[in-house]
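Per-entry structural report
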Amino acid sequence: MTEPFDFSKAPELIRVEDLHKDFGSLKVLAGITETIHKGEVVSLIGPSGSGKSTFLRCLNRLEEPTSGHIWFDGVDIADKSVDIDKHREKMGMVFQHFNIFPHMSVIDNITLAPTLLGKQTKDEARAKAEALLSRVGLLDKRDIKPTRLSGGQKQRLAIVRALAMEPEVMLFDEPTSALDPEMVGEVLDVIKTLAKNNMTCVIVTHEMGFAREVCNRVLFMDGGVICEQGAPEQLFDHPQHPRTQDFLSKVL
Amino acid sequence: MLANIERLLLKYGMNFLNGLGTTLLLALISVAIGCVIGALVAIMRLSRSKLLNSIATLYTEVIRDTPLLLQLYFFYFMLPDLLPALRLSKFTCIAVALVFNSGAYMSEVFRSGIQSVDRGQTEAARSLGLSASQTLTRIVLPQAFKNVLPAMCNEFVAVTKETSLASTFYVGDLMTQYQTISGKTYLVIEPLIIIGVIYFVVTFTMSKLIAMLERRLKSGD
């Protein structure tokens, strides 16, 4: 077996410094400092309400951080004067409920953003979308309305829709939580392939087996902070923090 | 009575048709322009600007909480005073009043339509890098429009009936025809039955068409 690659020596992609997020008087994120390196596959686990989804959504500012810094491509994108749209183009996001655009055909879902934002011409975008669709086994669905797709198919479509923008990082917010059990595998397989091809991924998940198998690093969150983190074997087999131990004893 | 109705139809058939034309024209103008105003006002009400929001709220509340007949009187007397140079016709003043009225109701229709579009749609569009306005025009409004199309058509049916109030000012709509014909012939019930049937046939047909449209939209999903 080859020595696992040490990602801490890879270039930084996202550096988060002392990130706070309050909803009214509720402190959801209570100071997070963390660095995501290029090519890393990181999963965020923890009990519900621990702030993991909020943390992920702060990374592309779907949630406005209350304070703190998020360095991405050398720019502090937590700064409100930054044109966040430009940076979001480079951060793909996949949601729990797919959020496919139901009024457009499958292929238009994929080509909309690249053509509208001037990244690709119509023909380029179409060719690229077809290549992406065939990669996830949906090429024959290209011209139908996505409302006729199954949950697993919708989520695969959502993933390639994000990939069409050629992002530098993919953010997954519980990508399999809304799926019927028999469809979880097909979606996880797509993410696994991405991970193997060195796409940087940050994944909020409840699939512990998946996190252990695919991720280079697992972050355990509780109470709005990262309690413990480490390689999957270390965190799952030898958790140090009592709250990690308690959480894992309930879910494993 | 049947003989009277037949006589009226033969003699005043064209008047009834003209009246129907005017009624439908008034309804079409108010809903068509009301739609544009409604969409703008709905966007204002959902905007983050406090000022735009208050203006839009004031407008919809004032219109919705006062009687239409009062609004018609108001525009009928106020507009010519305000803009004497334009020499506005009665018809124009009444049409403007109806447009303002229907704009307020349409804005509520649009607002609920926009709010009925799942937040996740906006989040997905923004996460791809689309701006707020691109998201509104490409993702939210097309879906909102589809959701509100039946309600819009219902508003058209409602406005068609409400234009009868415009007859207070003799603008030539169906109800105005009733008043003139009744005045000439001293018949009351017969012309009332005739225009009643016309109103019924027109709005009933529209309602059925809307129901069909609604089914089509549903099956298109």
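Only a predicted model underlies this, so the values are computations on that prediction, with no experimental measurement involved. (Residues numbered from 1 in each chain as written. Chains lettered and ligands numbered in written order. Predicted model: local features only at pLDDT ≥ 70, side-chain atom pairs only at ≥ 80, totals over all residues. Heavy atoms only, no water.)

Residue and element names in this part refer to chain A. With antiparallel pairing, 4 strands are arranged side by side in an open sheet as β2-β1-β4-β5. Strands at the two margins of the open sheet, each flanked by one partner only, are β2 (26-37) and β5 (75-76). In this sheet, strand β4 (residues 67-72) lies alongside strand β1 (residues 12-23) in antiparallel orientation, the contact comprising 5 bridges. Paired with V16 across the bridge in β4 is I70. (Pairing = 2+ DSSP bridges. Helix = DSSP H or I, 4+ residues; strand = E, 2+ residues; numbered from the N terminus.)

Residues and elements named next belong to chain B. The interhelical angle for the contact between helix α1 (residues 2-46) and helix α6 (residues 132-162), taken along N-to-C directions, is 145°, at an axis separation of 11 Å. The two elements α1 and α6 cross, and the hand of that crossing is right-handed. Residue-level inspection shows T23, L24, A27, L28, S30, V31, C35 and I43 of α1 in contact with α6, the latter providing L136, M152, E155, F156, V159 and T160. (Axes fitted to C-alpha atoms, helices over the stretch in contact; angles between N-to-C directions. Left-handed = near helix turned anticlockwise from the far one by under 90°. Contact = heavy atoms within 4.5 Å.)

On to unusual backbone geometry. All names here are of chain A. At D73, a position not held by glycine, the phi torsion is positive, near 55°. By the secondary structure assignment, D73 is in the loop between β4 and β5. The class for D73 is partly exposed, based on a relative accessible area of 38%. A positive phi angle, close to 55°, is found at N99, a residue other than glycine. Tracing the backbone through its elements, the reader meets N99 in the loop between β6 (91-94) and α3 (106-116). Looking at N99, the relative accessible area reads 6%, which means it is buried. (Buried < 20%, exposed > 50% of the residue type's maximum accessible area, 1.4 Å probe, protein only.)

With that out of the way, let us pick up a nonpolar patch on the surface. Together, M1, V188, I189, L192, I193, V197, F200, V201 and F204 of chain B make up a nonpolar patch on the protein surface, roughly 810 Å² of accessible area in all. Looking at the secondary structure, you find M1 of chain B in the segment before α1. (Patch = residues over 30% accessible without salt bridge, like charges linked within 9 Å, V, L, I, M, F, W, Y side chains within 5 Å. Areas by Shrake-Rupley, 256 points an atom, 1.4 Å probe, with all protein chains shown as cover. Salt bridge = Lys/Arg side-chain N within 4 Å of Asp/Glu carboxyl O.)

Looking now at the side chain of R57 of chain A. Along the chain, the position of R57 of chain A falls in helix α1 (residues 52-59). Of note is the side chain of R57 of chain A, whose polar atom sits 3.0 Å from the side chain of E63 of chain A. Within the structure, R57 of chain A has its side chain in polar contact with the side chain of E123 of chain B (distance 2.7 Å). When sequence neighbours within four positions are dropped, the list of residues in contact with R57 of chain A reads L62, E63, M93, F95 and D173 of chain A together with E123 of chain B. (Polar contact = N/O pair within 3.5 Å; in protein donor to acceptor, adjacent residues only side chain to side chain.)

All names here are of chain A. Counting buried residues along strand β8 (residues 200-204), 5 of its 5 residues qualify, which places the element largely inside the surrounding structure. Judged by which residues are buried, β8 turns out to be covered on both faces: T200, V202 and V204 on one side and C201 and I203 on the other are all buried. Pairing geometry for strand β7 (residues 169-173) and β8, over 5 bridges, is parallel. Note on β8: the bridge partner recorded for M170 is C201. Following the chain from β7 across helix α6 (residues 181-196) to the adjacent parallel β8, one finds a crossover that is right-handed. (Right-handed = clockwise from strand over helix to strand, strands pointing away.)

What follows covers the packing of α1 of chain B against helix α2 (residues 50-64) of chain B. All names here are of chain B. Direction vectors running N to C along α1 and α2 enclose 130°, while the axes themselves pass 7 Å from each other. With respect to α2, the axis of α1 lies oblique. Our pair here, α1 against α2, has a crossing hand that is left-handed. Facing I37, V41, M44 and R45 of α1, the residues of α2 in contact are L52, N53, I55, A56, T57, Y59, T60 and E61. Residue composition of the contact of α1 with α2, by class: 7 nonpolar, 3 polar and 2 charged. (Parallel < 35°, antiparallel > 145°, perpendicular 65-115°, else oblique. Nonpolar A, V, L, I, M, F, W, Y, C, P; charged D, E, K, R; others polar.)

Turning our eyes to something else, we now look at the interface of chain A and chain B. With 23 residues of chain A at the contact, the number on the chain B side is 18 residues. Carbon and sulfur atoms supply 61% of the area that chain A and chain B bury against each other, a total of about 1800 Å² over both sides. It is F101, H103 and L116 of chain A that lose the most area in chain A upon contact with chain B, and together they represent 28% of the buried surface on that side. In this structure, the salt-bridge partner of R57 of chain A is E123 of chain B, at a minimum N-O distance of 2.7 Å. On the surface where chain A and chain B come into contact, there are 6 residue pairs in polar contact (both at pLDDT 80 or more). Residue assignment for the side of chain A that touches chain B shows that the elements contributing at least two residues are α2 (84-88), β6, α3 and α5 (151-163) of chain A. Considering each element in turn, the side of chain A that touches chain B owes the most residues, 3 residues, to α3 of chain A. (Buried area = accessible area lost by both parts, 1.4 Å probe.)

Here we take up the pairing of β4 of chain A. Residue and element names in this part refer to chain A. Two elements, β4 and β5, share 2 bridges in a ladder whose sense is antiparallel. Looking across to β5, one finds that F72 is bridged to V75. With antiparallel pairing between neighbouring strands as the criterion, β4 and β5 make up a hairpin whose turn holds 2 residues, including D73 at a positive phi of roughly 55°.

On their own, these measurements won't tell you what the molecule is for.
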